[in-house]
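The residues making up each chain are set out below.
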Amino acid sequence: MSTKPVEDLSPDEAEAELARLAEAIAAADIAYHQNDAPEITDAEYDAMRRRNDAIEEAFPHLIRPDSPGNAVGAPPVEGFAKVRHQVPMLSLAKAYTEQDVLDFLERGRRFFERDKDLELAFTAEPKIDGLSASLRYENGVFVQGATRGDGSVGEDITANLRTIKDIPHKLKGSGWPRTIEIRGEVYMTYAEFQALKARSAASGGQHYVNPRNTAAGSLRQKDPSITASRNLRFFAYAWGATSEDPAPTQFEAVHKFAEWGFPISPLMARAKTVDELIGHYKKIEEQRSSLGYDIDGVVYKVDQLELQRRWGYVTGEPRWAIAHKFPAEQATTVVRRIDIQVGRTGTLAPIARLEPVTVGGVVVENATLHNEDYIAGIDSNGLPIRGDVPIDIRIGDTVVIQRAGDVIPQIVRVVLEKRTADAVPYEFPHTCPVCGSPATRDLNEKTGKEDSRRRCTGELICPAQAIERLRHFVSRGAMDIEGLGAENMDLFFNAGLVKTAADIFTLRDRRPEVQKALAERREQQARQREVLSGKTRKNVRSVEDRNYEGLDKLFAAIDARREPELDRFIFALGIRHIGETTAAALARTFSTVEELIRVGKETAAAADPKSVFPSIDGIGGTVIEALVDFFGNQRNDDVLDALLAQVRPKPYVVAVSANSVVAGKTVVFTGTLEKMSRSEAKAMAERLGAKVAGSVSAKTDILVAGPGAGSKLKTAEALGVEVISEDEWFARVGQ
Ligand code: IVH
């Protein structure tokens, strides 16, 4: 780096130096973030950035398109290519009790009830607590490996997966499909985790929380030799896209994987009855502590692949499998403080700050307290929830907490014997800790009871609500704007650049202000780093440098979402009680945003909203009330208008088998079906893109009538609806 004062630089010198600095800073970023191996000190790094900024300020016309100053935050690890999974990587429904397992078997029995002689068999095997990976083999050769990602799109981590000794580079034996994606779990043993922690402590390095997170971090290294040094392991238990079924059953398929060179769980068994399944669950639970790696339950899967296919899928999960979780692990600790967070819809959410304690391998420092009544120890009826009398939670109390999987830890019990005299009952605030507006509890008109949650009445004047809404708006399941995570949203909000969602789409017009906000943050972070340098250097830098995207890239990412899918858009609005599933149901029903708004306003204006709103499967009074609140509020109207001046949500089209002959048709089944149960019929029709209704109306396209059909058949005939038999149905859909 030159030491010549900036004011003495000629334009040519300035230009040349900016080019050198851009390159050097980019290289330092890569060394630091992606290779985890910084080559220069923080002070040197900061000096380069300051020099770069100073030159840019003096020669604004020389600012490069790839200027380090254009960086919006900075990235943990970029540079893994995205891989779209041809067959999505699903998650599993969960069972917590034996009753849940019985219900699962019962659902299966009912689904297949037409097949009198059919015998459902299951596999049972440990649920490994690691990361799933998909390994693609072509002609027996490992060609590509990916993370699960969001289930549809993962990251290409082939080079890292190649370093795992359990993963064969070439399949052994013979008879493998021409192409097959082997799926399974990458995990780290306790022994390896301890060894890594010991090595790290000796060299004053990083802190590792638990084996699962460490395995995750190890897989996302830019340098495969780091992954290799972590000695990760792999179990194969499933598959994705394949040119042919590996075998007719799950059990045989997984054993084929063993022949081809993969480790498979030695604890996999076949079972038919609930007693056999639970028996195997108990056997695995007994061995849990001696396995040497984390497992968090037992997975049951239908064994016969043909029956797996028939039973099918719900959103993101197979119907034919379930994860039976082990009970939550518990520990005892002390409540240090109670904090209140204000959520997107204004809910005051109390959180217990705890003395850190390890529960099942994870350090826990927070627990949710749900609401005011929960702290007081009563439920919505005023009845005690922890024991026979109401026992409240006080600051300083010793409590038993439990943690189940990824959920936030809960306080299950207060150890009263350890309560000290200075532990006073907690007074829940009646004003919003963020904006000072009154925080009230709504009265539920139906039940006549107060809502359990206290809510801030400040709505959009409450910064906490406004910012939470914005964060929600850009989040993954909602508008999913790349490079505009919670952190940048906070920055733009605090800088006054974005007040409501519509402002996001006009950011480009305010480029200089955006750049200034980013520069100020960088400056502040650099100062912070100076103060902290040496001590917590790593942490500071990694926070600062998250999400490294050029400004142009950010603006492009925003533009790319100007025509969002309707269901995402509805979800993004953040209307109370409207989650992803409900948003999708609304999108399906109304098809366009204009129609939703029209019906929403009409409903809000009606004396009896419920009689106006169309009947939609899964949508009841609570959602309708939330829609009435939303569409009845002028402020939301304005926000929505401004937003729709910027974005055009795409009309909703049913994506499933849109080319089948019944796609888009409304079908009703009636009478006795002989080849399939009612729920199987419904599932099949929906898979083919049809809408299944419960009653016949003028909107019905096809009535499938079995023997014994009664009034529906009459109505259909009267309305001139096409009526076909079950056989004709199968002939028509070609199955
Ligand atoms: S089967 C279609 N089997 O659990 C079924 N998953 O909650 C797909 N997992 O993402 C999964 N052990 O990471 C299956 N023996 C096992 C498993 C297992 C762990 C994980 C996997 C998956 C998650 C689903």
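Conventions used here
- Residues numbered from 1 in each chain as written.
- Predicted model: local features only at pLDDT ≥ 70, side-chain atom pairs only at ≥ 80, totals over all residues.
- Heavy atoms only, no water.
- Salt bridge = Lys/Arg side-chain N within 4 Å of Asp/Glu carboxyl O.
- Helix = DSSP H or I, 4+ residues; strand = E, 2+ residues; numbered from the N terminus.
- Buried < 20%, exposed > 50% of the residue type's maximum accessible area, 1.4 Å probe, protein only.
- Axes fitted to C-alpha atoms, helices over the stretch in contact; angles between N-to-C directions.
- Parallel < 35°, antiparallel > 145°, perpendicular 65-115°, else oblique.
- Left-handed = near helix turned anticlockwise from the far one by under 90°.
- Contact = heavy atoms within 4.5 Å.
- Nonpolar A, V, L, I, M, F, W, Y, C, P; charged D, E, K, R; others polar.
- Pairing = 2+ DSSP bridges.
- Near = heavy atom within 4 Å.
- Polar contact = N/O pair within 3.5 Å; in protein donor to acceptor, adjacent residues only side chain to side chain.
- Areas by Shrake-Rupley, 256 points an atom, 1.4 Å probe, with all protein chains shown as cover.

Caption draft 1: Molecular detail of the pattern of salt bridges. Per the counting criterion, the structure on display carries 47 salt bridges. Close ionic contact of Asp-53 with Arg-522 constitutes a salt bridge, the shortest N to O distance being 3.0 Å. Within this pair, whereas Asp-53 is found in helix H2 (residues 42-58), its partner Arg-522 is found in helix H15 (residues 511-532), the two being separated by 469 residues in sequence. One salt bridge in this structure joins Glu-565 and Arg-568, with 3.5 Å as the shortest N-O distance. A relative accessible area of 29% places Glu-565 in the partly exposed class.

Caption draft 2: Structural detail: the packing of helix H3 (residues 98-111) against helix H9 (residues 274-287). Between H3 and H9, the shortest axis-to-axis distance is 10 Å and the interhelical angle comes to 140°. Considering the angle they form, H3 stands oblique to H9. Two packed elements cross with a definite hand, and for H3 against H9 that hand is right-handed. Packed against H3, whose contacting residues are Glu-98, Val-101, Leu-102 and Leu-105, the element H9 presents Val-274, Leu-277, Ile-278 and Lys-282 at the interface. Taken together, the residues of the contact of H3 with H9 sort by class into six nonpolar, no polar and two charged.

Caption draft 3: Layout of the sheet that holds strand E14 (residues 321-325). Strand order in this open sheet of five strands is E3-E14-E11-E4-E10, and the pairing throughout is mixed. Of all the strands in the sheet, just strand E3 (93-95) and strand E10 (269-271) have a single pairing partner and so form its edges. For this sheet the average axis-to-axis angle between neighbouring strands, irrespective of direction, equals 35°. One ladder, built from three bridges, connects strand E4 (residues 122-128) with E10; its direction is antiparallel. The residue bridging Ala-124 from the neighbouring strand is Ala-269, located in E10. Its contacts with the sheet put H9 on E4, E10, strand E11 (295-302) and E14, and the angle it makes with E11 is roughly 155°.

Caption draft 4: Just the site of the ligand, in detail. Around the ligand, 15 residues are found, and the nearest of them are Glu-125, Ile-128, Glu-185, Tyr-237 and Lys-301. In the model, a nitrogen atom of the ligand is placed 3.1 Å from a nitrogen or oxygen of the Pro-126 main chain. Within the side chain of Lys-301, an N or O atom sits 3.1 Å from a nitrogen atom of the ligand. When the free accessible area of the ligand is taken as 520 Å², the share hidden by the protein chains comes to 89%. Every element with two or more residues in the shell around the ligand is listed here: E4 and E11. Taken together, the residues of the shell around the ligand sort by class into eight nonpolar, two polar and five charged.

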